[in-house]
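A look at the structure
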Amino acid sequence: MMRLAALLLLGLTLAGCQSNQLAQTMVEPIVARFYLETPPGQAGAVVQLPVSKVRVAVSEKPVFVEYDIAGVDVVKVDLGWCLRFALTPAAARDLYRLSVTAQGRRLVLLFNNSPVGVRQLDQALNKDGLLIFVEVPDQDLSALADRVRRTSAGLQAGAK
């Protein structure tokens, strides 16, 4: 009886260690959402970027959410490294319309409800994707893009 209890305790201990190891290797999800700056004179929730300390009043409802993201890549442009968000066809059409009607306003990117980047709508944006600089070190961009991509894909697959 004593051996059986010892074996059971050992089995539970090993199972506990194994699940802890699995939890450590899992990647924490990143939910990406885009919010539009409110027009002048309208109230909004004020968010502040972590490095530049830029403050932007945004609408309380996001214009693009994790279900609108078809992919995320790290790309190098003239000004440096940034993220390129590919949107679903419907969201890409919405982005084009938004970029035309909201010229001069800004889109703010939030990861897990924390602001990390901002993009001014200074031209009509097409279906090639939404480029946005984020206030994180360049060496972290690939891992961030992968986490956002996996989170969005997982949520979209679960919704079907």
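Preceding this paragraph is the structure being described.
For the structure given in this document, a descriptive report is provided here. On a predicted model such as this, the values are computed, not experimentally measured, just so you know.

1. Some words on the sheet that holds strand β4 (residues 69-77)
Taken together, the three strands give an open sheet; going across it, the order is β4-β5-β8, and neighbouring strands pair in antiparallel fashion. The sheet is open, and its two borders are formed by β4 and β8 (130-132), each paired with just one other strand. Across the sheet, the axes of successive neighbouring strands diverge by a mean angle of 25°, strand direction being ignored. Here β4 pairs with strand β5 (residues 80-87) via eight bridges, running antiparallel. In the strand pairing of β5, V77 is matched with G80. Where helix α3 (residues 141-159) meets the sheet, its contacts fall on β4 and β5, and the angle it forms with β4 comes to roughly 165°.

2. Notes on unusual backbone geometry
The backbone of N112 shows a phi angle near 50°, a positive value even though the residue is not glycine. Even without being a glycine, N113 presents a positive backbone phi close to 70°. Looking at where N113 falls in the secondary structure, it is placed in the loop between β6 (106-111) and β7 (114-120). Using a relative accessible area of 61% as the deciding quantity, one classes N113 as exposed.

3. Remarks on the packing of aromatic side chains
Taken as a whole and assessed by the stated rule, the structure comprises two aromatic pairs. Considering the side-chain rings of F34 and F64, the 6.4 Å spacing of their centres and the 80° angle between planes classify their relative orientation as edge-to-face. With F34 in strand β1 (residues 32-36) and F64 in the loop between β3 (55-58) and β4, this pair connects stretches of sequence that are 30 residues apart. Accessibility assignment for this pair places F34 and F64 in one class, buried. Ring centres of F34 and F85 lie 5.0 Å apart, and the angle between their planes is 90°; this geometry places the pair in the edge-to-face category. Taken together, the positions of F34 in strand β1 and F85 in strand β5 put the pair 51 residues apart, joining distant regions of the chain. Side by side, F34 and F85 carry an identical accessibility label, which is buried. Ring pairs connect the aromatic residues F34, F64 and F85, which therefore count as one cluster.

4. What about helix α2 (residues 89-101)?
Its 13 residues place the ends of α2 19 Å apart at the C-alpha level, agreeing with the 18 Å of an ideal helix rising 1.5 Å per residue. Tucked into the core, α2 has its buried residues touching β1, β5, β6 and β8.

5. Describing the pattern of salt bridges
What the rule picks out here adds up to six salt bridges. The shortest N-O distance in the salt bridge between R150 and D146 comes to 2.8 Å. Of the two residues, R150 and D146 both sit in helix α3, four residues apart, roughly one turn of that helix. Using a relative accessible area of 26% as the deciding quantity, one classes D146 as partly exposed. Within the structure, one salt-bridge network assembled from shared partners comprises D146, R149 and R150.

About the cut-offs
Residues numbered from 1 in each chain as written. Predicted model: local features only at pLDDT ≥ 70, side-chain atom pairs only at ≥ 80, totals over all residues. Heavy atoms only, no water. Pairing = 2+ DSSP bridges. Helix = DSSP H or I, 4+ residues; strand = E, 2+ residues; numbered from the N terminus. Axes fitted to C-alpha atoms, helices over the stretch in contact; angles between N-to-C directions. Contact = heavy atoms within 4.5 Å. Buried < 20%, exposed > 50% of the residue type's maximum accessible area, 1.4 Å probe, protein only. Phe/Tyr/Trp six-rings, centres within 6.5 Å; stacked < 30°, edge-to-face > 60°. Expected span 1.5 Å × (residues − 1). Salt bridge = Lys/Arg side-chain N within 4 Å of Asp/Glu carboxyl O.

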